[in-house]
Amino acid sequence: MPGRRLSDRQKARIHNIQEGRRQRLDERAEQALAASEVDQPRHGLVVVRHGADLAVEDEQGQVWHCLARQNIGHPVCGDRVVWQASGADRGVVTAIQARATVLARPDYSGRDKPLAANLTQLVAILAPRPEPSAYLLDQYLAAAERLGVKALIACNKTDLLDAAGRAALENLLAPYERIGYSLAWLSLVDGKGMGPLAERLAGETSILVGQSGVGKSSLVMALMPDLDIQIGRLSQATGLGRHTTSAATCYRLPGGGHLIDSPGVRSFRLTLDGQADLEQGFREIAPLIGHCRFANCRHDQEPGCALKQAVAAGELHPARLANFQHLAAALERSSARH
Ligand SMILES: Nc1nc2c(ncn2[C@@H]2O[C@H](COP(=O)(O)OP(=O)(O)OP(=O)(O)O)[C@@H](O)[C@H]2O)c(=O)[nH]1
Ligand SMILES: [Mg+2]
Ligand SMILES: [Zn+2]
């Protein structure tokens, strides 16, 4: 079929272009290394990645503009790396240290791309506006469960809430508190809740996630007295100015630990390797799995369903079950496609 041949040819062309790019980048990295005088391997932390360009912070807090050797994979924000200086503020990353955790998110083409590495905590931020989505929240929390990191739910912009709005949000979030998630109520306008939040962030590597406009970057700004200096160092190193939320960016907290600001999303598609993965992501559902009367229970109309019984007993919130079922259906559709 000509159509088929054409598409193979196109694929081969794209592959060649990419291979060429990769080689050129490798050559640039190698040339940079060969030209360097200081070539002691050193440890560093990737603070931001823009395409092939990396900003790497050394142990003294200086930020270096680095390229990575191609054969090592793609370093992301939060990666601990080995690198070598190749100029006054330039360097080449030669190895990525083993990652304790990595959070991925699908790119525009639907393929999973690592977003940030070595997180210890995920902070899901919501606000009265944009309209909170429990479906999005459940996916973030499931991601945290699967990574095995702490999760915190933070409601920002409480200054915008009247009594009814506050009650509605408390109502939405109460089921999460019941299953053991901590809530933080914040306002950056009057500084409410910032002290306890800073305590929870100290010593952790936390990523701020949430819809665009909930106040992630504002929160970073409020928590970092030296933010201007950090951003200045960063834009000097990457030459990319202040476009900090176009990519996940890691900041150093004054009291120790790191805070990663991430670009907001309209929707977040959780990466799931299978049904077991999904079950693990809902902490109050996981222990019920295997306790339904039928081994292949779909938790729908079957008699003796442990999940339905938990809902009836008030132990599982119906909205959480609905979101779980929604994700299970999406998972089924995607595995039918592959
Ligand atoms: N009233 C009120 N407004 C706030 C508060 N926090 C942030 N804002 C405002 O909300 C808007 C969006 O804040 P950003 O920090 O840019 O939001 P973001 O989550 O970083 O958005 P993206 O980078 O697009 O993902 C800004 O105009 C902030 O001034 C707050 O506590 N109260
Ligand atoms: Mg932002
Ligand atoms: Zn069941």
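Residues numbered from 1 in each chain as written. Chains lettered and ligands numbered in written order. Predicted model: local features only at pLDDT ≥ 70, side-chain atom pairs only at ≥ 80, totals over all residues. Heavy atoms only, no water.

Engineer: What is the right way to look at the site of ligand 1 in this model?
Structural biologist: With respect to spatial proximity, 18 residues lie near ligand 1, and among them D159, L188, S212, K216 and S218 are the closest. S212 is positioned with one of its side-chain polar atoms (N or O) 2.4 Å from an oxygen atom of ligand 1. A distance of 2.9 Å separates an oxygen atom of ligand 1 from a polar backbone atom of S217. For ligand 1, whose unbound accessible area comes to 650 Å², protein coverage reaches 68%. Considered class by class, the residues forming the shell around ligand 1 number five nonpolar, 10 polar and three charged. (Near = heavy atom within 4 Å. Polar contact = N/O pair within 3.5 Å; in protein donor to acceptor, adjacent residues only side chain to side chain. Areas by Shrake-Rupley, 256 points an atom, 1.4 Å probe, with all protein chains shown as cover. Nonpolar A, V, L, I, M, F, W, Y, C, P; charged D, E, K, R; others polar.)

Engineer: Mind showing me how you'd approach the packing of aromatic side chains here?
Structural biologist: By convention here, two paired aromatic rings are described through the distance between centres and the angle between planes. Evaluation of the coordinates by the stated rule reveals two aromatic pairs. Taking the centre distance of 4.8 Å and the plane angle of 50° together, the rings of W64 and W83 count as tilted. You can see W64 sitting in strand β3 (residues 63-68) and its partner W83 sitting in strand β4 (residues 80-85), a full 19 residues away along the chain. With respect to burial, W64 and W83 carry one shared label: buried. With 5.3 Å between their ring centres and 75° between their planes, F282 and F324 make a pair best called edge-to-face. (Phe/Tyr/Trp six-rings, centres within 6.5 Å; stacked < 30°, edge-to-face > 60°. Helix = DSSP H or I, 4+ residues; strand = E, 2+ residues; numbered from the N terminus. Buried < 20%, exposed > 50% of the residue type's maximum accessible area, 1.4 Å probe, protein only.)

Engineer: Hey, could you run me through the pairing of strand β1 (residues 42-50) in this one?
Structural biologist: If a strand is regular, its side chains alternate between the two faces of the sheet. Bridge count between β1 and β4: four bridges; the pairing is antiparallel. Each bridged residue has a counterpart across the sheet, and for R42 the counterpart in β4 is W83. Pairing between β1 and strand β2 (residues 53-57): five bridges, direction antiparallel. For V46, the partnering residue across the bridge sits in β2 and is V56. Between β1 and the antiparallel strand that follows it, β2, lie two residues; G51 among them carries a positive phi value of about 60°. (Pairing = 2+ DSSP bridges.)

Engineer: What is the right way to look at the nonpolar core in this model?
Structural biologist: The tendency in soluble globular proteins is for nonpolar side chains to be buried as a group. The biggest cluster of nonpolar side chains holds 61 residues, and the ones touching the most others in it are L122, I153, L173 and I207. Here this core takes six residues from helix α2 (residues 134-147), the largest share from any one element. Here I153 is in contact with A124, L126, L137, L141, L173, Y176, Y181, S182, L183 and A184, once residues within four sequence places are set aside. L272, A306, L316 and L327 belong to the second-largest nonpolar core, a separate cluster that totals 18 residues. (Core = buried A, V, L, I, M, F, W, Y, C linked by side-chain atoms within 4.5 Å. Contact = heavy atoms within 4.5 Å.)

Engineer: Would you mind going over the packing of helix α4 (residues 194-201) against helix α5 (residues 216-223) with me for this structure?
Structural biologist: Each packed pair of helices is defined by two parameters, the angle between the axes and the distance between the axes. At their nearest, the axes of α4 and α5 sit 12 Å apart, and the two run at 90° to each other. The angle between α4 and α5 places the two elements in the roughly perpendicular class. Facing M194, L197, A198 and L201 of α4, the residues of α5 in contact are L219, A222 and L223. (Axes fitted to C-alpha atoms, helices over the stretch in contact; angles between N-to-C directions. Parallel < 35°, antiparallel > 145°, perpendicular 65-115°, else oblique.)

Engineer: Teacher, can you tell me more about helix α3 (residues 163-178) here?
Structural biologist: An α-helical segment advances 3.6 residues per turn. Residues three or four places apart therefore align on the same side. The end-to-end C-alpha separation of α3 is 22 Å, in line with the 22 Å expected for 16 residues at 1.5 Å each. Along its length, α3 reaches its greatest deviation from straightness, about 35°, at L172, and the proline P175 lies no more than four positions downstream. Within the span of α3, buried status applies to L169, L173, P175 and Y176. In this structure, the buried side of α3 is in contact with β8 (121-126), α2, β9 (150-155), β10 (182-185) and α9 (318-337). Among the residues trailing α3, G180 stands out with phi positive, at a value near 100°. (Expected span 1.5 Å × (residues − 1). Bend = angle between axes of the 7 residues up to and from the residue.)

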